[in-house]
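The primary structure of each chain is shown beneath.
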Amino acid sequence: MRRSQQGLAFYAFVLLTIFLIVGLFWAQALWQGNRAARDLKVLREARDAVLAHLAAPELDTPPIVRRLGQLGAMPDLAFTGLGGTTEYCAYRNWLPGAPLAKAATSGAAARCFGRLPWKSLGVDLGAVDTNDIQGRIPWLIVSPNLAVTSACMPNFTPLVVGSPVGNVCPSQLPFPWITVVDERGNVLSNRVAFALIMPGPPANGVARNATATPHAWLNALQVNPGCPTPCVPGYYDNAAYQQANGTATTLVATNLSSDALQHLPWLADPRQYHNQVLWVTVDEMFRYLEARARRELDTALLAFKATHHYFPYAASFNDLAGNCTANLRFGHPALLEGGCGSGESLNPQSSGTKLLPTWWTDAGWNQYFIYAASPTCVAGSSACGAPGLTLSGSNGINALLISPGSPITAAPFAPSRGAPQAPLALGTLSPLPADYIDSTANINGGTTGIFASAAPSLTAPNDDRLDIVQ
């Protein structure tokens, strides 16, 4: 009987031990799952906060003045949560603790990275410590294109994607956009405007403190030769910023867990990777900014019509300054009076009443949008209404805005051009509507008054967006 009781006690102990081990593993998995979900939620909220900040420059408190799409709350290398001074970034030879410099002054050596200025952007991170030992404060890596002013980069619209833009710094091209690769080194995107990285727990026993380098929070992966194709062998380091000038910042992201990475033979040891990366492409960012810019232009045109009872004439396609041309009803929005007479522009010199703010014009949006006015709703013919312009069968339209999107520079080309579009060159604008507008019908609409909304097509790309201004 005693031996039976001892045997039962032993088995009970074994079962209890098993239950405890399973419970611990379950609790750990649940904690890791909850942390991953929490981190992704924070990254998404941070992404939305950065985009909202880029699209609302008018909310800044003077003397801060920035243009649409320019980052004001800079990545934080002082670890305060408030962000750095507008335009100031690290640079290629920067060392932790050293002062930052204007991105325009650093030129090609500018490197804009640091912790997310979560306090300035209003992102709730919960309880975090200054040294972020647990890796709960996201890092923000930004292309210097988002840091500089019009004095360095005169145009910041979708036209700069793939175009030489006549920059004062660092060269005749935009700063490189950010590249993101996967755990095999394959490019996921080479058109990233900004990226957010949640560090996660410490890796490789690295100490996290006030004097630590970015490597304490940002991880790396080494992809060895002989990796399964497709792959690109190399060392991919999220903390790297000392790469050669003109070389894109390259980040590595993976959906695999740290445990799963241990089983990939083409990765070099140590394979401790805890970063979670979320990025926003140039195209996503410009769609967001374009929507804001379009609302501002629409408001300005309607304000002009409320005062004059008709819409203004346009500026020529190749007019960088936006001078109004009398009797021109198809072109870019006119900012200056030009040959249209006193007060006949969106920013008339005579009255001093600017209908478009500086943060809009400093980004060059007047060189981006295409504007069409009805012959019955301009000076000298201000009845407004039918027959007017026609859009996809609906007539009586007084004015239209066309958002041309990024230039189509590779085959299949836009039907209107049949070749690479080049609306923006070195300090010049193309006089050809086909360099902006993808649809042949919409180019002819400047003469016929008949326009058509873009229809999806795999063989005839067309990303024009048409909006009615009434």
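**Structural notes on the overall build of the protein**
Part 1 of the argument: Helix and strand counts for the protein come out as seven helices and 18 strands.
Part 2 of the argument: Each principal axis of the C-alpha atoms in the protein carries an extent, and together these give about 110 × 50 × 45 Å.
Part 3 of the argument: The long-range share in the protein, meaning contacts at least 24 apart out of those at least 6 apart in sequence, stands at 62%.
Part 4 of the argument: Of the roughly 21000 Å² that the protein leaves accessible, carbon and sulfur atoms contribute 58%.
Part 5 of the argument: Where the 28 positive side-chain charges of the protein centre and where its 29 negative ones centre are 8 Å apart.

**Section: the layout of surface pockets**
Gaps between atoms show up when a probe of the same size as a water molecule is rolled over them.
Part 1 of the argument: Empty space within the second largest pocket amounts to approximately 390 Å³.
Part 2 of the argument: Considering the residues around the second largest pocket, the lining is formed by 20 residues, among which Asp283, Arg287, Gly405, Ser406 and Asp463 are closest to the centre.
Part 3 of the argument: When its residues are assigned to classes, the lining of the second largest pocket shows nine nonpolar, four polar and seven charged.

**Some points on the sheet that holds strand β11 (residues 314-315)**
Part 1 of the argument: On the basis of which strands lie adjacent, the open sheet formed by five strands has the order β11-β12-β13-β16-β18 and antiparallel pairing. Only two strands of the sheet have a single partner each, and these edge strands are β11 and β18 (465-469).
Part 2 of the argument: In terms of strand pairing, strand β16 (residues 399-403) meets β18 through five bridges, oriented antiparallel. For Ser403, the partnering residue across the bridge sits in β18 and is Arg465.
Part 3 of the argument: Sitting on the sheet, helix α5 (residues 282-308) touches β12 (330-333), β13 (370-373), β16 and β18, and the angle it makes with β18 is about 30°.

**Things to note about helix α7 (residues 440-448)**
Part 1 of the argument: Along α7, the positions that sit buried rather than exposed are Asn442, Ile443 and Gly445. Taken down its axis, α7 places every buried residue within 140° of arc, on the same side.
Part 2 of the argument: Packing partners of the buried residues in α7 comprise β12, β17 (450-451) and β18.
Part 3 of the argument: Capping of α7 at its N-terminal end is provided by Ser439; its side-chain oxygen lies 3.2 Å from the backbone amide nitrogen of Ala441.
Part 4 of the argument: Following α7 by one or two positions, Gly449 has its phi on the positive side, about 80°.

Rules of the game
Residues numbered from 1 in each chain as written. Predicted model: local features only at pLDDT ≥ 70, side-chain atom pairs only at ≥ 80, totals over all residues. Heavy atoms only, no water. Helix = DSSP H or I, 4+ residues; strand = E, 2+ residues; numbered from the N terminus. Contact = heavy atoms within 4.5 Å. Areas by Shrake-Rupley, 256 points an atom, 1.4 Å probe, with all protein chains shown as cover. Lys, Arg positive; Asp, Glu negative; His and termini not counted. Charge placed at Lys NZ, Arg CZ, Asp CG, Glu CD. 1 Å grid on protein atoms, 1.4 Å probe; cavity = no way out; pocket = protein on both sides within 12 Å on 5 of 7 lines; lining within 4 Å. Points joined across faces, edges and corners; volume = space filled by probe spheres on them. Nonpolar A, V, L, I, M, F, W, Y, C, P; charged D, E, K, R; others polar. Pairing = 2+ DSSP bridges. Axes fitted to C-alpha atoms, helices over the stretch in contact; angles between N-to-C directions. Buried < 20%, exposed > 50% of the residue type's maximum accessible area, 1.4 Å probe, protein only. Arc of directions from axis to C-beta. Polar contact = N/O pair within 3.5 Å; in protein donor to acceptor, adjacent residues only side chain to side chain.

Bear in mind that shape data such as this cannot, by itself, settle questions of function.
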